[in-house]
Amino acid sequence: MQRCFAALLLVAACGASAPPPTTPPTTGSASTTGSATADDPYAAVHQMEADHADPAPALRLPTTVRPTHNTAELAIDPDKEDFTGTITTTLEIAQPTSTIWLNGDEIAIASATLAQGGATLTASVVAPKKGYLGLHFTKPVATGDATLTIRYAGKMHPNDGDGIYTLEQGGDHYAYTQFESTDARQAFPTFDEPSFKVPWQISLRVSSKLAAVSNTPIAGEHDNGDGTKTVSFAETKPLPSYLVAFAVGPFDFVDAGKTPSGVPIRIVVPKGRAPDAAYAAKVSTELLDRLEKYFGIPYPYPKLDLVAVHVFNAGAMENAGMITFNEPLLLTKPTDMTRDREESYATVAAHEMAHQWFGDLVTMEFWDNTWLNESFASWMEAKLVDAWKPEWELGVGMVGTKSGVMAQDMLDTARAIYQPIKDQGDILNAFDGITYQKGQAVLTMIERHLGADVFQKGVRDYLQKHAWGNATYDDFVGAMSTAAGKDLHPLFDSFVKQSGIPYVSMTVSCKAGAPKLELSQTRYAPVGSQMSADDKKRTWSVPVCVKWGAGGKTGKDCTVLDQPAGELALSTKTCPQWVMPNDGELAYYRTKLDSTDLDHLLAHAHELTVAERVGLLGDVGALVGAGDASNAVALGLVQDLAKDKSRHIVDSSLGIVAGIDDMVPDRLRPNYERMIGKLYKQRAHELGWAAKSGEGADTKELRPELLGVVAGIGKDKALIDEATKLTWKWFDDRSAIQPEVVGEVLHVAARFGDQKLFDKLHELAKASKDRTERARLIGAMGAFQDPKLVEQALAVVLTDEFDIRESFGLVFAGLADIRLRDSTLTWIEAHFDQLIDKLPKEYRPYMAYIAAPVCDESKKAEITAFLEPKMKSVDGGQRVLAQALEALSLCAAGRAQQTPGVVAFLQKQ
């Protein structure tokens, strides 16, 4: 899944022995039934008190009872809130038990019976806590095989994005599922853990006017004679519950060809949106072709549907044979297509398609190994797309992504990639940048260290050995070790099982004519870090590769630094003129060169690759962050970087310039704006807001970033005026602004806009039926700087005018501006409970991050006192709060340390 970041469950329609009753039971926070009444026809099985049954599981279900097969039959009407179903599960019972524990959430049980040895036992139901239900029998169930049949009802939540949920679009109603990580229990009373991986047989009773899709092809349809039909799907291969999925609605279908192994691919879209699937239909087979070749295993399922979903809590989800996408990723109007949109689809699609092998064919044993899904899919998306479209320079972008996640990993409170799961909150926390981006970077480093062929062999062996089953960390590292012919646990353990970033110091030594690097390592700690002395001494098994230049030649040398100190002999015969400490920027570490060696490297930066130059800038920023270099060093680089031909380098320079915005005192703001003008104004005006004929894609992608800084922060009046004129033209003619810059043009106009402009943006956003357009309009509403308009934008979040997943960015927009931060925080605190109630559960822990932008140690106690009691009741909230509070302190310490250098630099501008 991309959060881009979950999974779904597929189910079916009428009951096996009898159709589900039309009147459902009352549902609560867990599966329950009560005493029989005329209004409660499902109350045949009476709920027991919890103390009459075995204690509920603390987290994981007992393994003494395991499923071997599920048959699920559901009745789904997207116009309604309730659904009914029957699930029949064959079981293997390893030891006698009086209570069988399952997962269930908002499920009301009508009846639960167990057939074994010719006898049928009726269960009583106990639901002692959310997410769990017990089936208690008056006498122990014997060891051996048994069949459990449960008739039940549940709830479909409009716009919720979890479990089974319904959406309205264009006057039509749709039902979708999203089950990762633990929401299959909202659809079935089942064994809702990855290790319970079994075949599923799904049937759905739906309106005869609607289409239904699931993980597998349709095996048959039956007209029920009452305006409904029962759609039966072919049995799946073994799947965990979180990968089961279905959708019901008036869909259109777009043929996207077949995989190289002959499996059909379709794009499944809401009614009327087929033309917008053209790009996805064109390129999906190419992506799958490359995946089949890499893994050496044909696409493992009998079909692949790519389904556009109007409301999604994540970017996409890898359901086996039925990948779901946030609609704007999969569907783009031909007039709005840009290279950025192409990249977005291709990378997310490659990620989710890779999951069909990594995660679906071979599934992690439990959520502590979420990285076995997400790190690998992220790594594969970059590898595949960069090889497929090298002109996109995705590998360069990944260097920036790595640098970004290091800002999270430098925290003392950062978690490891492999993190033990102690509660439900830990499962939610596992889907973060550490799993996705750090995991991707670590695998990229290890692939380079082992060699691509050895790494690929390990991957193939792992998949073949564990196909259709589950696997663990040790299974994967074992496969890689076998392929490499050596134990790789020290390497993997140091990066996967511990948090933090290696900080590798390097000094060039050329004594006695034997050039070498003197190496040492510690844990990277930014200014203000409170990590312990022992933590700072932490070490890794670091694959170090450097590039050097000497006598007009370049070379490369590598070693593994697995001690606090070591050395690397260089293969040059003369002392190198420069050393690039991270060859290709493929390794996961920060570097510290002494000042002389750094000066030599910076003087020869033009001899480095674009990726290496981007990485070098990141390392310079890290030196500043650690207090090992002045901010003036980074700002001094900007003059050369601003003129670079690579958009990635210019983007990096823009990031340095924009990054000091909060440190600029009011008296020096004219100097700051003047500096921006000197560096970028000429190029910005040459580009202008409109692309020229024959202009390359790189220039088109640079334009919004460059003009956004020059106009937005540099306050270039000509660019602001032009953006304002274009915005009002665009309101009447959507072709007035080219698609690459629409968002930035609206943003600049709004930043300096008035009430009239705010009202127009608000009016159009409410009227728009297009999610991409609506996102641009709402985003612009968050750009205003007039406090009165900021307050109006915030008030919109609490209304029902927009789904909160679309409007929530307005909350953090005010926090991003130091001049609006205090008033925005006051508003958030006043409406915190309302915001939490409106947000999907996956979003709620990250409300704690309102603390990080405060960046003022004197205010930490106050924000802590407010947030601590709030986050205790949010799954995963306490870990995120600890990180947010640490980020606050580090921001404050870094600002105090860096501001004098910024002031001194600007005084000369």
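Residues numbered from 1 in each chain as written. Predicted model: local features only at pLDDT ≥ 70, side-chain atom pairs only at ≥ 80, totals over all residues. Heavy atoms only, no water.

## Some thoughts on the state of the cysteines
Inspection of every chain in the model, using the stated rule, returns three disulfides. Each disulfide pairs two cysteine sulfurs, and for Cys545 the partner residue is Cys558, the sulfurs being separated by 1.9 Å. Taking the sign of the S-S torsion, 110° for the link of Cys545 and Cys558, the bridge is right-handed. In this pair, Cys545 is assigned in strand β26 (residues 542–550) and Cys558 in strand β27 (residues 553–561), connecting sequence segments 13 residues apart. Sulfur-sulfur distance for the disulfide between Cys855 and Cys891 comes to 1.9 Å. (Disulfide = S-S within 2.5 Å. Helix = DSSP H or I, 4+ residues; strand = E, 2+ residues; numbered from the N terminus.)

## Remarks on the packing of helix α17 (residues 697–712) against helix α19 (residues 742–751)
Closest axis-to-axis distance for the α17/α19 pair is 10 Å, and the angle between their directions is 5°. Considering their axes alone, α17 and α19 lie roughly parallel with respect to each other. Of the residues in α19, those touching α17 at Pro704, Gly708, Ala711 and Gly712 are Glu744, Val748 and Arg751. Taken together, the residues of the contact of α17 with α19 break down into three nonpolar, two polar and two charged. (Axes fitted to C-alpha atoms, helices over the stretch in contact; angles between N-to-C directions. Parallel < 35°, antiparallel > 145°, perpendicular 65-115°, else oblique. Contact = heavy atoms within 4.5 Å. Nonpolar A, V, L, I, M, F, W, Y, C, P; charged D, E, K, R; others polar.)

## Focus: unusual backbone geometry
Residue Ser181 is bonded to the preceding Glu180 through a cis peptide linkage, with omega at 10°. Secondary-structure assignment places Ser181 in the loop between β11 (172–178) and β12 (200–207). Positive phi values are uncommon outside glycine, yet Ala512 reaches one of about 55°. With respect to the helices, strands and loops of the structure, Ala512 is situated in the loop between β24 (502–509) and β25 (516–523). Phi angles above zero are rare outside glycine, and Lys715 is one such case at about 55°. Tracing the backbone through its elements, the reader meets Lys715 in the loop between α17 and α18 (717–732). Classification of Lys715 as partly exposed rests on a relative accessible area of 43%. (Buried < 20%, exposed > 50% of the residue type's maximum accessible area, 1.4 Å probe, protein only.)

## Considerations on the pattern of salt bridges
Enumeration over the complete set of coordinates arrives at 51 salt bridges. In this structure, Arg266 engages Asp305 in a salt bridge whose closest nitrogen and oxygen atoms are separated by 2.8 Å. With Arg266 in strand β18 (residues 264–269) and Asp305 in strand β19 (residues 304–309), this pair connects stretches of sequence that are 39 residues apart. Among the ionic pairs, Asp583 bridges to Arg448, the shortest N-O distance being 3.6 Å. Of this pair, Asp583 sits in the loop between β29 (578–580) and β30 (590–593) while Arg448 sits in helix α7 (residues 433–450); the two residues are 135 residues apart in sequence, bridging distant segments of the chain. Of the two residues examined, Asp583 and Arg448, each falls in the buried class. Bridged by salt links that share partners, the residues Arg339, Glu343, Arg647, Asp698 and Glu701 form one connected network. (Salt bridge = Lys/Arg side-chain N within 4 Å of Asp/Glu carboxyl O.)

## Things to note about the environment of Gly618
Here Gly618 is to be found in helix α13 (residues 610–625). For Gly618, a relative accessible area of 16% translates into the label buried. For the pair Gly618 and Ser403, spaced 215 residues apart in the sequence, the C-alpha separation amounts to 6.3 Å. Contacts of Gly618, omitting those with residues within four sequence positions, involve Ser403 and Arg590.

## Side note on the pairing of strand β16 (residues 246–249)
Along any regular strand the residues' side chains alternate between the sheet's two faces. Here β16 shows a buried face lined by Phe246 and Val248 and a second buried face lined by Ala247 and Gly249. Sheet topology places β11 next to β16; two bridges connect them, and they run antiparallel. Across the sheet, the residue bridging to Tyr176 is Ala247, located in β16. With four bridges joining them, strand β13 (residues 211–214) and β16 adopt antiparallel strand pairing. The residue bridging Ser214 from the neighbouring strand is Phe246, located in β16. (Pairing = 2+ DSSP bridges.)

## Quick look at the packing of helix α3 (residues 339–355) against helix α4 (residues 371–388)
What describes two packed helices is the angle between their axes and the distance between those same axes. Interhelical geometry of α3 versus α4 gives an angle of 130° and a closest axis separation of 8 Å. Between α3 and α4, the angle is such that the two are oblique. Like other packed secondary-structure pairs, α3 and α4 cross with a definite hand, here right-handed. Note on element contacts: α4 touches α3 through Asn373, Glu374, Ala377, Ser378, Met380, Glu381, Leu384, Val385 and Trp388, opposite Ala346, Thr347, Ala350, His351, Ala354 and His355. Its residues assigned to classes, the contact of α3 with α4 shows eight nonpolar, five polar and two charged. (Left-handed = near helix turned anticlockwise from the far one by under 90°.)

## Overview of the packing of aromatic side chains
Each aromatic ring pair is summarised here by two numbers: the centre-to-centre distance and the angle between the ring planes. All chains considered together, the criterion is met by 37 aromatic pairs. Between Trp371 and Phe476, the aromatic rings sit 6.2 Å apart at their centres with planes inclined by 90°, giving edge-to-face as the arrangement. Taken together, the residues Trp371 in helix α4 and Phe476 in helix α9 (residues 473–484) connect sequence positions 105 residues apart. Under the relative-accessibility criterion, Trp371 is labelled buried at 1%. Exposure remark for Phe476: the relative accessible area of 0% places this residue in the buried category. Their ring planes at 85° and their centres at 5.0 Å tell us that Trp728 and Phe731 sit as a pair that is edge-to-face. With Trp728 and Phe731 both in helix α18, this residue pair falls three residues apart, about one helical turn. Classification of Trp728 as partly exposed rests on a relative accessible area of 29%. We note Lys129 situated over the ring of Tyr132; from NZ or CZ to the ring centre the distance is 4.8 Å. Lying across the ring of Trp730, Arg734 places its NZ or CZ 4.3 Å from the centre. (Phe/Tyr/Trp six-rings, centres within 6.5 Å; stacked < 30°, edge-to-face > 60°. Lys NZ or Arg CZ within 6 Å of the ring centre and 35° of its normal.)

## Let's talk about the pairing of strand β10 (residues 163–169)
Burial analysis of β10 places six of its seven residues in the buried class, which makes it a mostly covered element. Note: strand β9 (residues 157–158) against β10, two bridges, orientation parallel. Pairing of His157 across the sheet is with Tyr165, part of β10. Pairing between β10 and β11: seven bridges, direction antiparallel. Considered in β11, the bridge of Ile164 is made with Thr177. Adjacent in sequence and paired antiparallel, β10 and β11 are bridged by two residues, among which Gly170 carries a positive phi angle near 60°.

## Details of the environment of Tyr294
Take Tyr294: it is sitting in helix α1 (residues 278–295). On the basis of relative accessible area, Tyr294 is assigned to the buried category, the value being 10%. Taking the C-alpha atoms as reference points, Tyr294 and Val459, 165 residues apart in sequence, are found 9.3 Å from one another. Once you skip the residues sitting within four places of it in the chain, Tyr294 turns out to touch Trp379, Met380, Lys383, Phe455, Gln456, Val459 and Arg460.

## Structural notes on the sheet that holds strand β15 (residues 228–233)
In spatial order, the strands read β5-β4-β8-β2-β1-β12-β15-β14; together these eight strands make up an open sheet with mixed pairing. Strands with a single pairing partner mark the edges of an open sheet, and in this sheet they are β5 (119–122) and β14 (218–223). Strand-to-strand twist in this sheet, taken as the mean axis angle between neighbours without regard to direction, amounts to 20°. One ladder, built from five bridges, connects β14 with β15; its direction is antiparallel. Residue pairing for β15: Ile218 is matched across the bridge by Phe233.

## Thoughts on the side chain of Arg647
With respect to the helices and strands, the residue Arg647 is situated in helix α15 (residues 647–658). If we skip the residues at most four places from it in the chain, Arg647 touches Arg339, Trp392, Asp698, Glu701 and Leu702.

## Here's the deal with the sheet that holds β26
Read across the sheet, three strands follow the order β27-β26-β29 without closing on themselves; strand pairing throughout is antiparallel. Of all the strands in the sheet, the pair left with one neighbour each is β27 and β29. On average, each strand axis in the sheet is tilted by 25° relative to the strand beside it, whichever way the strands run. Pairing between β26 and β29: three bridges, direction antiparallel.

## Section: the environment of Glu773
The residue Glu773 is located in helix α21 (residues 771–781) in this model. The class of Glu773 is buried, set by a relative accessible area of 17%. What Glu773 contacts, discounting residues up to four positions off in sequence, is Trp730, Arg734 and Ser768.

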